[in-house]
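# A closer look at the structure
The residues making up each chain are set out below.
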Amino acid sequence: MPEVHRAAGRLFLAVGALCGAATVAHAQQPGSGMTQGSIFTCTTARGQHLTSDRYIAECADRVQLELSPSGSVRRRIEPALTPQEQLQRDQRRQAEERAEAQRRDERRRDMALLARYPDAAAHDRRRTEALAQSEAEIAAARRRLADLAQARRKLDQDMAAYAKDPAQAPAALKVQMADNANAVSMQERLLREQEDEKQRINARFDEERQRLDRLWGPSR
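All of these numbers come straight from a predicted model, not from anything done at the bench.

Reading the values: rules and limits
- Residues numbered from 1 in each chain as written.
- Predicted model: local features only at pLDDT ≥ 70, side-chain atom pairs only at ≥ 80, totals over all residues.
- Heavy atoms only, no water.
- Pairing = 2+ DSSP bridges.
- Helix = DSSP H or I, 4+ residues; strand = E, 2+ residues; numbered from the N terminus.
- Disulfide = S-S within 2.5 Å.
- Expected span 1.5 Å × (residues − 1).
- Bend = angle between axes of the 7 residues up to and from the residue.
- Buried < 20%, exposed > 50% of the residue type's maximum accessible area, 1.4 Å probe, protein only.
- Contact = heavy atoms within 4.5 Å.
- Polar contact = N/O pair within 3.5 Å; in protein donor to acceptor, adjacent residues only side chain to side chain.
- Salt bridge = Lys/Arg side-chain N within 4 Å of Asp/Glu carboxyl O.
- Axes fitted to C-alpha atoms, helices over the stretch in contact; angles between N-to-C directions.
- Parallel < 35°, antiparallel > 145°, perpendicular 65-115°, else oblique.
- Left-handed = near helix turned anticlockwise from the far one by under 90°.
- Nonpolar A, V, L, I, M, F, W, Y, C, P; charged D, E, K, R; others polar.
- Core = buried A, V, L, I, M, F, W, Y, C linked by side-chain atoms within 4.5 Å.

With that settled, the discussion passes to the pairing of strand 4 (residues 73-77). Here strand 3 (residues 64-67) pairs with strand 4 via four bridges, running antiparallel. Following the sheet pairing, Leu 67 is matched in strand 4 by Val 73. Between the antiparallel neighbours strand 3 and strand 4 lie five residues, among them Gly 71 with a positive phi of about 100°.

We now examine the state of the cysteines. Inspection of every chain in the model, using the stated rule, returns one disulfide. Sulfur-sulfur distance for the disulfide between Cys 42 and Cys 59 comes to 1.8 Å. Here Cys 42 and Cys 59 share a disulfide; its torsion about the S-S bond, 75°, makes the bridge right-handed. Of this pair, Cys 42 sits in strand 1 (residues 39-43) while Cys 59 sits in the loop between strand 2 (49-52) and strand 3, and the two are 17 residues apart along the sequence.

Next up on the list: helix 3 (residues 120-160). Here helix 3 contains 41 residues, and its C-alpha end-to-end distance of 59 Å stays within 8% of the 60 Å for a straight helix at 1.5 Å per residue. Along its length, helix 3 reaches its greatest deviation from straightness, about 30°, at Ala 132. Where helix 3 is concerned, the buried positions are Ala 120, Ala 122, His 123, Arg 127, Ala 130, Leu 131, Ser 134, Ile 138, Ala 141, Leu 145, Leu 148 and Leu 155. Turning to helix 3, the residues buried within the fold contact helix 4 (171-216). Where helix 3 begins, the side chain of Asp 119 points an oxygen toward the backbone nitrogen of Ala 121, at a separation of 3.3 Å.

Here the structure, examined in full by the defined rule, presents 20 salt bridges. The partner of Asp 53 in a salt bridge is Arg 54, and the shortest N-O contact between them spans 3.4 Å. Using a relative accessible area of 52% as the deciding quantity, one classes Arg 54 as exposed. Note that Asp 156 and Arg 152 form a salt bridge whose closest N and O atoms lie 3.0 Å from each other.

Moving on: the side chain of Asp 110. The topology assignment puts Asp 110 in helix 2 (residues 83-116). Exposure remark for Asp 110: the relative accessible area of 16% places this residue in the buried category. What Asp 110 contacts, discounting residues up to four positions off in sequence, is Arg 211 and Leu 215.

Turning to the packing of helix 3 against helix 4, a few remarks are in order. Interaxial distance between helix 3 and helix 4 falls to 9 Å at its minimum, and their mutual angle equals 165°. By the angle between their axes, helix 3 is roughly antiparallel relative to helix 4. With respect to the hand of their crossing, helix 3 and helix 4 are arranged in left-handed fashion. Across the contact of helix 3 with helix 4, the residue classes tally to 20 nonpolar, seven polar and 18 charged.

Take the packing of helix 2 against helix 4 next. Two elements in contact, helix 2 and helix 4, have axes whose closest approach is 10 Å; the angle formed by their N-to-C orientations is 90°. If you check the angle between helix 2 and helix 4, you find them roughly perpendicular. Of helix 4, the residues touching helix 2 (which contributes Glu 106, Arg 109, Asp 110, Leu 113, Leu 114 and Arg 116) are Glu 207, Glu 208, Arg 211, Leu 212, Leu 215 and Trp 216. The residue makeup of the contact of helix 2 with helix 4, split by class, is five nonpolar, no polar and seven charged.

This next bit is on the nonpolar core. Counting residues in each nonpolar core, the largest one holds ten residues, listed as Leu 113, Tyr 117, Ala 120, Ala 122, Ala 130, Leu 131, Ile 201, Phe 205, Leu 212 and Trp 216. Breaking this core down by element, the ones donating at least two residues are helix 3 and helix 4. Residues within four places of Leu 131 in sequence aside, it is in contact with Lys 198, Ile 201 and Asn 202. Judged by nonpolar contacts, the second largest core, of seven residues, contains Phe 40, Cys 42, Ile 56 and Ile 77.

Listed below in structure tokens is the structure:
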């Protein structure tokens, strides 16, 4: 007898599992969750009008209506998506998510800007501080170029003594003139770099100011 009871128990569990699976599969159908007494209706691709008391699988690619017993429309069931349509919908959703993430990033940036620069005076002070280092480098490069120009004039005077035969000039003098030319080239490059850096700093602060002007608004 215990064996019979155990066999009956296993059979009962198996039947229960099958019923549960059938319930889940039904819940996943587009017509699941229908109200008691619903009538489903659609027109197939061949023009055949179908009516049923449950979701019509033949119209999976067509719009079908769920009607009440009185004939009023309870809901409109859109056709199932093709793989291509599903891909397009996923791409649209991803694009929307990226756009929303960008909007959140911009809002965070706006809040950070307002916290850093509560007014125009604070922004102007920071611009001046950011430019100060480049301006100091530019001034130093110009002073160095002036010194090199003065040294070059002295070297040219020394070289003038060998104007008739420059090959007779001392090797040390030639080295000094080459070193002077290299130093001038380096300082001119540094000067251009710092001028470019000033432009980048001003462009960044100009862009921030345009954004801040909108954020400050009339309260500015």
